[in-house]
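Listed below, chain by chain, are the residues.
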Amino acid sequence: MKNKILLLTSLLLTSTTVLAEPTYRLFVTNEKDDTLSVINSRTNTIETTIKIGQRPRGIGLSPDQTVLYVAISEDNAIAVVDVNTLKVIKTLDAGDDPETFDVNPINGHLVVSNEDDGEAIFLDPKSAVKLSAVKVGIEPEGVAVSPTGKYALVTSESSNMVHIIETANYQPVAHLVVGARPRGLAFNSNGSLAYATSEIGNEVAIIDMETFKVIKKSGIDVENSKPMDIKVSPDDKMLYITTGRGNSVAFLDAETLVLKANVPVGKRVWGIEVSKDGTKLYTADGVDGTVSVVDTAKQERIKSIQVGAFPWGVALDD
């Protein structure tokens, strides 16, 4: 019995990621001037701007939040940045034109969409080893890994599909047809549901992760809406969707997909991030060159921060 208890304790300890002290920095990729803006999220002021590589887009933190990953697509690489020193530690070969990626929250591996190759690349950032390359559809874009780390989802823009890949063996288990030009992906907190936005189809779909079926979809009743990125509120009740040329963030009920609010932000809004406590949203407003700060309770923009040229992705270390 004692040995069983010791084994269980050991397993619990090894499976738990210890988070570093947060820097409360908001990181923003600026696609057209090859920079990374660093913002103090408590004061909403720029700390510094870093040259990061050619055409930075996708962005995300390691599970322990000690390093930041940035897809520098024209360098065919992922830059690895220390979140405290803000120094580029190394770059990882990520294949041709890495667009976006997500980080497996369990093992820290990256799942990268390679637009030119039509592949999802599984990459171990510590060893810099490419673990697998999985063929998906034409022009893969969005990526999301489930909270359990079991599944990776990838959208293929020109194939109008969401691909579901099992991360243990790198095998696709489903290819789901969704609305035209799918972009963003997100999971609810326990990974039972996933959500996919479609830019040209102007819709969001709900995917049941037990049956691998689309169980609901709905258009977004916002003028000029071209849905892009998506986040789920920490309580799983609300979806936050950037509307691209709609220049707003749509607040949708996560169960019914009914539009609850539409919050104007900057022009050509793309990436979005939500704070861990769910009180703030941050959006990358491409044409305006700004980051908008949105109060989720008031459902209004409370700050606009000037950053670099054509901001694309955002990540918050909180």
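Figured I'd write up the structure that's included with this text. (Residues numbered from 1 in each chain as written. Predicted model: local features only at pLDDT ≥ 70, side-chain atom pairs only at ≥ 80, totals over all residues. Heavy atoms only, no water.)

**Here's the deal with the overall build of the protein chain**
Keep this limit in mind: The numbering of helices and of strands both runs from the N terminus, where a helix is a DSSP run of H or I of at least 4 residues and a strand a run of E of at least 2. Buried, partly exposed and exposed residues are distinguished by accessible area as a fraction of the type maximum, computed with a 1.4 Å probe on protein chains only: under 20%, between the cut-offs, and over 50%, respectively. Residues count as neighbours in contact if any of their non-hydrogen atoms are within 4.5 Å of one another. Each accessible area value is a Shrake-Rupley result obtained with a 1.4 Å probe; residue values ignore everything except the protein chains displayed when judging cover. Asp and Glu are treated as the negative residues and Lys and Arg as the positive ones, with His and the ends of the chain left uncounted. For the purpose of locating charges, the reference atoms are NZ of Lys, CZ of Arg, CG of Asp and CD of Glu.
In terms of helices and strands, the protein chain carries 1 helix and 28 strands. Judged by the C-alpha coordinates and their principal axes, the protein chain covers about 60 × 45 × 40 Å. Out of the 318 residues in the protein chain, the part that is buried amounts to 57%. Sequence-distant contacts in the protein chain: of pairs separated by 6 or more residues, those separated by 24 or more amount to 41%. Here the protein chain has roughly 13500 Å² of accessible surface; of this, 49% comes from carbon and sulfur atoms. Positive and negative charge centroids in the protein chain, built from 31 and 42 side chains respectively, lie 3 Å apart.

**Focus: the sheet that holds strand β26 (residues 290-295)**
This is how it is decided: One requirement defines pairing of two strands: DSSP has to find at least two bridges between them. Helix axes are fitted to C-alpha atoms over the stretch in contact, other axes to C-alpha atoms as well, and angles between N-to-C directions run from 0 to 180 degrees.
The 4 strands lie next to each other as β24-β25-β26-β27, forming an open sheet whose pairing is antiparallel. Each of the sheet's edge strands pairs with one partner strand only, and the pair in question is β24 (269-274) and β27 (300-306). Neighbour-to-neighbour, the strand axes of the sheet open up by a mean angle of 25°, direction not taken into account. Both β24 and strand β25 (residues 280-285) contribute to a ladder of 4 bridges, which runs antiparallel. Following the sheet pairing, V274 is matched in β25 by L281.

**Looking at the pattern of salt bridges**
Convention followed: Salt bridges are identified by distance alone: a Lys or Arg side-chain nitrogen within 4 Å of an Asp or Glu carboxyl oxygen.
Counted under the stated rule, the structure contains 13 salt bridges. In this structure, the salt-bridge partner of D229 is K231, at a minimum N-O distance of 3.9 Å. Through salt bridges with shared partners, a single ionic network connects E31, R55, R57, D97 and E99.

**Describing the sheet that holds strand β5 (residues 67-72)**
With respect to topology, 4 strands assemble into an open sheet ordered β4-β5-β6-β7, the strand pairing being antiparallel. Edge positions in the open sheet fall to β4 (56-61) and β7 (88-93), since each of these has one partner strand only. Going across the sheet, the axis of each strand differs from the next one's by a mean of 25°, ignoring polarity. Pairing of strand β6 (residues 77-82) with β7 involves 5 bridges; the strand directions are antiparallel.

**A few points about the environment of S275**
Within the element layout of this structure, S275 appears in the loop between β24 and β25. The buried category is assigned to S275, whose relative accessible area is 6%. Put simply, S275 and A315 are 40 residues apart on the chain and 9.5 Å apart in space, counted from C-alpha to C-alpha. Setting aside its immediate chain neighbours within four residues, S275 contacts P234, K280, L316 and D318.

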